[in-house]
Amino acid sequence: VDRRFSTGPLRAARRCDVPGPRRRRPWMVARRFREFSAVDANLRAAFPDLAPHLPTLPSSWTLFAMAPEVVEQRQRGLENYLRKVVAETPQLLRSTQVDEFLCISDRIKAMQDAGRAD
């Protein structure tokens, strides 16, 4: 798991490893917590029948939000959230919300383009 992160007064990107298809190299996702929250809300609204099966996000509020151990704990929580979304609700991988969040179509196109260049 990559433990690097960037912090600043207005930005705290979370880099989370997400298992790729067929156990290939994990994909790195760098998103703000509010982007995780937005995709979670969008998935729950678009798939109300799956909403009860979606994992919960880690807490977004702590007293010492930028303390390294808090950042690491939240990062692990976000990684677990994405792993569970992928593993426990695989039908969501075909959703527009997950596709855009994980840049799946863009990555597939890049791999196809790289294959043509070889």
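Residues numbered from 1 in each chain as written. Predicted model: local features only at pLDDT ≥ 70, side-chain atom pairs only at ≥ 80, totals over all residues. Heavy atoms only, no water.

Colleague: I'd like to hear about helix 2 (residues 68–88), residue by residue, with values.
Modeller: Three- or four-residue spacings in an α-helix give side chains the same orientation, since the helix completes a turn every 3.6 residues. The end-to-end C-alpha separation of helix 2 is 30 Å, in line with the 30 Å expected for 21 residues at 1.5 Å each. Listing the buried residues of helix 2 in full gives Val70, Val71, Arg74, Gln75, Gly77, Leu78, Glu79, Tyr81, Leu82, Val85 and Val86. (Helix = DSSP H or I, 4+ residues; strand = E, 2+ residues; numbered from the N terminus. Expected span 1.5 Å × (residues − 1). Buried < 20%, exposed > 50% of the residue type's maximum accessible area, 1.4 Å probe, protein only.)

Colleague: So, the packing of aromatic side chains: which residues are in play, and what are the values?
Modeller: The geometry of an aromatic ring pair is captured by two quantities: the separation of the ring centres and the angle between the planes. Applying the stated criterion to the full structure yields 1 aromatic pair. Note on Phe36 and Phe101: the rings are 5.0 Å apart at their centroids and 75° apart in plane angle, and the pair reads as edge-to-face. With a gap of 65 residues between them, Phe36 in helix 1 (residues 33–46) and Phe101 in helix 3 (residues 96–102) connect regions that are remote in the sequence. The pair formed by Phe36 and Phe101 is uniform in burial state, with each residue classed as buried. In this structure, Arg31 packs its charged tip against the face of Phe101, placed 5.2 Å from the ring centre. (Phe/Tyr/Trp six-rings, centres within 6.5 Å; stacked < 30°, edge-to-face > 60°. Lys NZ or Arg CZ within 6 Å of the ring centre and 35° of its normal.)

Colleague: Please provide a residue-by-residue account of the environment of Arg74, values included.
Modeller: Positionally, Arg74 belongs in helix 2. Given a relative accessible area of 8%, Arg74 falls into the buried group. A sequence separation of 17 residues divides Arg74 from Leu57, and the C-alpha atoms of the two residues are 9.0 Å apart.

Colleague: I'd like to hear about the packing of helix 1 against helix 2, residue by residue, with values.
Modeller: When two helices pack together, their arrangement is given by the angle between the helix axes and the distance between those axes. Running from N to C, helix 1 and helix 2 point in directions that differ by 30°, and their axes come no closer than 12 Å. Comparing the axis directions of helix 1 and helix 2 gives the class roughly parallel. Note that helix 1 runs across helix 2; the crossing there is left-handed. Between helix 1, through Phe33, Phe36, Asp40 and Leu43, and helix 2, the contact on the second element is made entirely by Arg74, Leu78, Tyr81 and Leu82. Among the residues forming the contact of helix 1 with helix 2, the class breakdown is 6 nonpolar, no polar and 2 charged. (Axes fitted to C-alpha atoms, helices over the stretch in contact; angles between N-to-C directions. Parallel < 35°, antiparallel > 145°, perpendicular 65-115°, else oblique. Left-handed = near helix turned anticlockwise from the far one by under 90°. Contact = heavy atoms within 4.5 Å. Nonpolar A, V, L, I, M, F, W, Y, C, P; charged D, E, K, R; others polar.)

Colleague: Just give me the short version of unusual backbone geometry, but keep the residues and values in it.
Modeller: Unusually for a residue other than glycine, Cys103 sits at a positive phi of about 55°. Along the polypeptide, Cys103 turns up in the loop between helix 3 and helix 4 (104–117).

Colleague: Please give an account of the pattern of salt bridges that cites residues and values.
Modeller: This model, assessed by the stated rule, comprises 3 salt bridges. Residue Arg76 is joined to Glu72 by a salt bridge in which the shortest nitrogen-to-oxygen separation is 3.0 Å. Of the two residues, Arg76 and Glu72 both sit in helix 2, 4 residues apart, roughly one turn of that helix. Given the relative accessible area of 34%, Arg76 is considered partly exposed. Look at Glu72 and you get partly exposed, because its relative accessible area is 34%. Two residues, Lys109 and Asp113, come together in a salt bridge whose shortest N-O distance is 3.0 Å. Of this pair, Lys109 and Asp113 are both found in helix 4, 4 residues apart, which corresponds to roughly one turn of the helix. Judged by relative accessible area, Lys109 falls into the partly exposed class, the value being 49%. (Salt bridge = Lys/Arg side-chain N within 4 Å of Asp/Glu carboxyl O.)

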